[in-house]
Amino acid sequence: MQIKKIGVIGAGSMGQGIAQVCAVAGYEVLFYDVDQKIIERGIQSITKNLDQAVAKGKISEEKKKDALHKLNPVSFESLKADLIIEAVVEKLEVKQKIFSDLEKINSEDTIFASNTSSLSITKIALGLKYPNRFVGLHFFNPAHLMKLVEVIAGDQTDKNLIAPMIAFVQSLEKIPVSVKDSPGFIVNRVARHYYLESLKLLETRSADIGTIDALTRSAGFKLGPFELMDLIGNDINLEVSRLMYEAFDRVPRFKPNSIQEEQVRAGNLGKKTGKGYYEYEKK
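Calculation notes
Residues numbered from 1 in each chain as written. Predicted model: local features only at pLDDT ≥ 70, side-chain atom pairs only at ≥ 80, totals over all residues. Heavy atoms only, no water. Axes fitted to C-alpha atoms, helices over the stretch in contact; angles between N-to-C directions. Helix = DSSP H or I, 4+ residues; strand = E, 2+ residues; numbered from the N terminus. Parallel < 35°, antiparallel > 145°, perpendicular 65-115°, else oblique. Left-handed = near helix turned anticlockwise from the far one by under 90°. Contact = heavy atoms within 4.5 Å. Nonpolar A, V, L, I, M, F, W, Y, C, P; charged D, E, K, R; others polar. Buried < 20%, exposed > 50% of the residue type's maximum accessible area, 1.4 Å probe, protein only. Pairing = 2+ DSSP bridges. Right-handed = clockwise from strand over helix to strand, strands pointing away. Salt bridge = Lys/Arg side-chain N within 4 Å of Asp/Glu carboxyl O.

A.B. asks: Quick one: what's the story with the packing of helix 1 (residues 13-24) against helix 2 (residues 36-55), residue by residue and with numbers?
C.D. replies: Two quantities define a packed helix pair, namely the angle between the helix axes and the distance between the axes. Remark: helix 1 packs on helix 2, axes separated minimally by 10 Å, with the N-to-C direction vectors making an angle of 55°. Between helix 1 and helix 2, the crossing angle belongs to the class labelled oblique. Once helix 1 is placed against helix 2, the crossing between them reads as right-handed. Side by side, helix 1 and helix 2 meet where Gln16, Ala19, Gln20 and Val24 of the first sit next to Gly42, Ser45, Ile46, Asn49 and Leu50 of the second. Partitioned by chemical class, the residues of the contact of helix 1 with helix 2 number four nonpolar, five polar and no charged.

Okay, structure coming up:
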């Protein structure tokens, strides 16, 4: 199984990071989003990241130029590759439609992967002609910096596909972990309470946002829970909380917090909107 050409669907922060690490690793990358302006901003962001990497001596100027050369914006009809990774909104029907449409223009040997952080890989693959070629590749935000990638097999995933996917992740200089298809996989299931318990502390006025973030950082976390929610996007974080709550039959410990809901209603989504739990310079 040879993987040379990668398709990446979605040019938000996750798609950008995935496209960047694939291009830096030497793969030809077909980059797609329904919004051309988002693609343009995505490439600008990737260029900025690579410039910073050059400045820090992590990659050479030549490697940066080669990576950008391998990054090709394309139309959906041109998304024909050895491996196609989806990084779009956490909506089951949206993901299912994307992969159903991709099957129509790709060969039966193409591998399809979802970057979902909370949806069932088995359910996303329902209705596909070749569900055995479908797998989960869950990168973490920011994908160009975070090392861990969860490799998830659905009920119908060909078990012989997992080893090549692990090798692919390693080729990106990432750390692959093979996990079962269960709600939230490993990291999101554990991390959900990093956010929810912190929100409960805030709700009961046990501590303020800055104190909670400072204390968790002092315990070894790189970002406090509120800093991390702002980075991920409070709308995304809330949606994942809701999905996890439903997946675990509405057990109270997974119940979304009203503070999350208030932030989203107010449009305070985090860094991407300039305001969340903190205020940021608007991009």
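A.B. asks: Could you give an account of the pairing of strand 4 (residues 83-86), with specific residues and numbers?
C.D. replies: Taking every second residue as pointing to the same face, both faces of strand 4 are buried, with Leu83 and Ile85 on one and Ile84 and Glu86 on the other. Relative to strand 4, strand 1 (residues 5-9) runs parallel, the two sharing four bridges. Pairing of Val8 across the sheet is with Ile85, part of strand 4. One crossover worth recording links strand 4 to the parallel strand 5 (residues 111-114) by way of helix 4 (residues 92-105), and it is right-handed.

A.B. asks: Could you give me a rundown of the pattern of salt bridges, with the residues and numbers involved?
C.D. replies: All told, the structure shown has 11 salt bridges when counted by the stated rule. Where Lys91 meets Glu239, a salt bridge forms, and the shortest distance between an N and an O atom there is 3.7 Å. Here Glu239 lies in helix 10 (residues 234-247) and Lys91 lies in the loop between strand 4 and helix 4, a separation of 148 residues in the sequence. In this structure, Glu227 engages Arg217 in a salt bridge whose closest nitrogen and oxygen atoms are separated by 2.9 Å. With a gap of 10 residues between them, Glu227 in helix 9 (residues 225-232) and Arg217 in helix 8 (residues 209-218) connect regions that are remote in the sequence. Salt bridges sharing partners connect three or more residues here, namely Asp51, Glu61 and Lys64.

Note that all results are geometric; they support no functional claim without further evidence.
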